[in-house]
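# Notes for the structure review
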Amino acid sequence: MRRTKIADIFKSGKAGETVLVKGWVRTRRGSKQVSFIALNDGSTIINLQIVVDIDKFDEEMLKLITTGACISAEGTLVESQGSGQSVEVQATAIEVLGPCDSTYPLQKKGHTWEFLRDIAHLRPRTNTFGAIFRIRHNMAIAIHKFFHEKGFYYFHTPIITASDCEGAGQMFQVTTQNLYNLQKDENGNIRYDGDFFGKQTSLTVSGQLEGELAATALGAIYTFGPTFRAENSNTPRHLAEFWMIEPEIAFCDLQDLMDLEEEFIKYCVQWALDNCADDLAFLNKMVDNGLIERLKSVVGTEFVRLPYTEGIKILEEAIANGHKFEFPVYWGCDLASEHERYLVETHFKKPVIMIDYPAEIKAFYMKQNADGKTVQGTDVLFPQIGEIIGGSVREENYDKLMKRIEELHIPMKDMWWYLDTRKYGTCPHAGFGLGFERLLLFVTGMANIRDVIPFPRTPGKAEF
Ligand code: 4AD
Ligand code: MG
């Protein structure tokens, strides 16, 4: 007999049918005569109740049906009396596929998030993490669907690279050199000519630069892959390895860019509301009571579009009115998360797209405004999260871009191919990067980014 997934049983199972289900025991309770097993197979957050008449089964086998055990159960679907579900299974045959050792750490409810991170190899078996990882999958599907329907091509950019797109010097080096016997030149600098790639290479912080090459040929592309940053930020919003979605679009100006950013996020959030209802209902009940309301409100709200200079004025007024920030506010400062959250959560009470940042605090590639001070960067700021998207119109003028590269002392030998786009038929273009896990923080209501990626990498942590 073929196995039926539990989600399909709740969708279309009819009383009287015989089914075979396989999954992991969440709980077992009952009396001397009858046992009730709550079975979960990952296809839905909702457990299927298996009713077992104890006299009909082997006592030794039944002893093995404990929390965490893997079993298969065959039986008849009957309308459920007590389990809160539409149907349950009256078991006719049970097999224990994998007994569970009594040291299984997920015995009781109410483990802390920290404890669950330490057993990240098992936490997908909990209701909460099952929900989060199903939502994570659904968000990835939503992203591909959104761009595919808009005619964007999914473009694969390299993970190993010799260029630092963001220029922040936060890269993990990739080498096959013998670290105990590094070859150095007469000045004591490490020689890379004998290294695997013949030059110094690292894990990418962004696929944007290669994305721009593709956008100026295919018109509109997006990347969706892992990115790596060796920033020593122990915050609930930073990972050393995270996934980023980076669309890049030819003939796109600042207005088009902001429209796309807003439409994209709303599409993803609406997708979650439409396709992850059971998981969201669970998270809304167990993790964050305001979650579903917040998701709906974002979909139905027009985002604020705010020049940086005006944002600074609002923050300065707040300080004048007695609001205290940890970090100073002045024109030219890089906004801290507390500033971003004040604007979004206290002042506007909705998402904000901040634009026209001082050039000094943004990357070299952003399009320079006529004022000579600001650039056409866009950060999308979200409630609870702060920055969820960073993007910009790109400087398409060869001379202006070159001047900026020189001012910032960016090594030219690694950039010649990027500059070629500005030499050979340059065009106005723009793009942005969405941090996948930041989106997931918002959609799941979880508070720590370590809890929306299966196996988080953060300073000092690379277990599993
Ligand atoms: O603002 P960032 O650094 O922008 C770029 O990398 C551009 N190249 C994007 C582009 O224009 N194509 O990063 C983009 C987003 C941030 O807004 C944030 O959501 C996320 O990536 N992000 C991180 N997420 C988790 N952990 C980190 N350490 C992150 N750093 C950035
Ligand atoms: Mg940024």
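Residues numbered from 1 in each chain as written. Chains lettered and ligands numbered in written order. Predicted model: local features only at pLDDT ≥ 70, side-chain atom pairs only at ≥ 80, totals over all residues. Heavy atoms only, no water.

### Comments concerning the environment of Thr103
With respect to the helices and strands, the residue Thr103 is situated in the loop between β5 (87-98) and α3 (113-118). Accessibility expressed as a relative area gives 63% for Thr103, which makes it exposed. Note: C-alpha distance between Thr103 and Thr204 (101 residues apart in sequence) is 40 Å. Here the side chain of Thr103 touches Asp101 through a polar contact of 2.7 Å, side chain to side chain. (Helix = DSSP H or I, 4+ residues; strand = E, 2+ residues; numbered from the N terminus. Buried < 20%, exposed > 50% of the residue type's maximum accessible area, 1.4 Å probe, protein only. Polar contact = N/O pair within 3.5 Å; in protein donor to acceptor, adjacent residues only side chain to side chain.)

### Topic: the site of ligand 1
As a matter of local geometry, ligand 1 sits amid 25 residues, with Glu166, Gln208, Arg229, Glu246 and Glu387 nearest to it. Take Gln208: an N or O atom from its side chain is 2.7 Å from a nitrogen atom of ligand 1. Taking 620 Å² as the accessible area of ligand 1 by itself, protein coverage stands at 93%. Listed by contribution, the elements that provide at least two residues to the shell around ligand 1 are β11 (241-250), β15 (386-393) and β16 (429-435). (Near = heavy atom within 4 Å. Areas by Shrake-Rupley, 256 points an atom, 1.4 Å probe, with all protein chains shown as cover.)

### Notes on the pattern of salt bridges
Considering all chains together, one arrives at 24 salt bridges under this definition. Among the salt bridges present, the one from Arg422 reaches Glu212, with a minimum N-O distance of 2.9 Å. Pair noted here: Arg422 is in helix α12 (residues 416-423) and Glu212 is in helix α5 (residues 208-218), with a separation of 210 residues, a long-range link. Glu212 carries the same exposure label as Arg422, and that label is buried. (Salt bridge = Lys/Arg side-chain N within 4 Å of Asp/Glu carboxyl O.)

### Digging into the domain arrangement of the protein chain
Interface extent is often summarised as the accessible area lost during association of the parts. Examined at the domain level, the protein chain breaks down into domain 1 (6-98) and domain 2 (123-170 + 205-451). A separation of 45 Å is found between the C-alpha centroids of domain 1 and domain 2. Listed by partner, the interface residues are eight residues for domain 1 and eight residues for domain 2. Roughly 640 Å² is buried in total at the junction of domain 1 and domain 2, and carbon and sulfur atoms are behind 45% of that figure. Ranking the residues of domain 1 by area buried against domain 2 places Trp24, Arg26 and Ile45 at the top, with a combined share of 70%. For the pair domain 1 and domain 2, the interface holds zero salt bridges. Across the contact surface, domain 1 and domain 2 share three residue pairs in polar contact (both at pLDDT 80 or more). (Domains from an automatic or database assignment. Contact = heavy atoms within 4.5 Å. Buried area = accessible area lost by both parts, 1.4 Å probe.)

### Concerning the environment of Tyr418
Assignment of secondary structure puts Tyr418 in helix α12. Those residues within four positions of Tyr418 in sequence are excluded, and the remaining contacts are Leu209, Glu212, Leu213, Phe364, Tyr365 and Leu401. Of the polar contacts made by the side chain of Tyr418, one reaches the side chain of Arg422; its length is 3.0 Å.

### Some words on the pairing of β11
Summarising burial for β11: eight of the ten residues are buried, a large majority. Here nine bridges tie strand β10 (residues 220-228) to β11, and the two strands are oriented antiparallel to one another. Bridged to Phe224 within β11 is Ile245. With five bridges connecting them, β11 and β16 associate as antiparallel partners. Paired with Glu248 across the two strands is Gly431, which belongs to β16. (Pairing = 2+ DSSP bridges.)

### A few points about the sheet that holds β5
In spatial order, the strands read β1-β2-β3-β5-β4; together these five strands close into a barrel with mixed pairing. Pairwise comparison of adjacent strand axes, ignoring direction, gives a mean angle of 55 degrees for this sheet. Note: strand β1 (residues 18-30) against strand β4 (residues 70-79), seven bridges, orientation antiparallel. Its bridge partner being in β4, Lys22 is matched across the sheet by Ser72. (Axes fitted to C-alpha atoms, helices over the stretch in contact; angles between N-to-C directions.)

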